[in-house]
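If you want the building blocks of each chain, they are given just below.
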Amino acid sequence: MGRAPQKRTLETRAKLIAAAQAIVLESSYTNLKTENVVQRAGVAKGTFFAHFKDKDALMDQLIGARINECLDQIEARPAPGTIDELIKELMPLVNLMRCERYVFDVILRLSGAAAIEVIGSIAQTFERQIIVMAGWLAQGPFRTDISPQLMAEGVQAFYIQAMALNFCAINQVVPVEDRMREYLKAWLQPTTA
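Residues numbered from 1 in each chain as written. Predicted model: local features only at pLDDT ≥ 70, side-chain atom pairs only at ≥ 80, totals over all residues. Heavy atoms only, no water.

What about the environment of Pro92?
Assignment of secondary structure puts Pro92 in helix α5 (residues 83-97). Separated by 54 residues in sequence, Pro92 and Ile146 have C-alpha atoms that sit 27 Å apart. (Helix = DSSP H or I, 4+ residues; strand = E, 2+ residues; numbered from the N terminus.)

Details of the packing of aromatic side chains
Within the structure shown, the criterion is met by five aromatic pairs. Judged by centre distance (5.1 Å) and plane angle (80°), the rings of Phe48 and Phe49 are edge-to-face. (Phe/Tyr/Trp six-rings, centres within 6.5 Å; stacked < 30°, edge-to-face > 60°.)

Examining helix α6 (residues 101-110)
Turning to α6, its buried residues are Tyr102, Val103, Phe104, Val106 and Ile107. Taken together, the buried residues of α6 touch α4 (55-76), α5, α7 (121-139) and α8 (148-166). (Buried < 20%, exposed > 50% of the residue type's maximum accessible area, 1.4 Å probe, protein only. Contact = heavy atoms within 4.5 Å.)

As for the pattern of salt bridges
Taken as a whole and assessed by the stated rule, the structure comprises twelve salt bridges. Two residues, Asp178 and Arg181, come together in a salt bridge whose shortest N-O distance is 3.0 Å. Taken together, the positions of Asp178 and Arg181, both in helix α9 (residues 176-188) and three residues apart, correspond to about one turn of that helix. Look at Arg181 and you get partly exposed, because its relative accessible area is 24%. (Salt bridge = Lys/Arg side-chain N within 4 Å of Asp/Glu carboxyl O.)

Here is the structure:
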């Protein structure tokens, strides 16, 4: 069993994250540079790399934390009873995930891991999204021929597809919400025999 991190190590890591968060608030995720983070945190560049493998590892922490904040808010709300209500409740999460092309790219790259030991914050939020939505969908007037888990996985796939198409110049004419509505009506509405 490994030793618990020392207080100073935790404080330094927190200082690096706080510096990065401040830079993002002032500018953007895209403009975040490792050099600016270490300068603002008042540490050496080597200290940054002692805490984070690379900039993506820092982004995993920053973006994963923001996604979890959205999921906390979503989870606290009652289950939506219609597709339009579902879309409305998901839009803060969707808007965060597509706030910058760079953020969306990082999320896609880090949403899965090749090995269990490298599952990061963003990948964990993808599983949490499914759990939250499955709980909602189990309560709603949606289809019953498949599990809430499968419905939730489909919803997640569809909103990611809607965001991806929105970043493609050829497909930007259809708003994300409208594209989601079309997908989710086809996916969630009960089938009639």
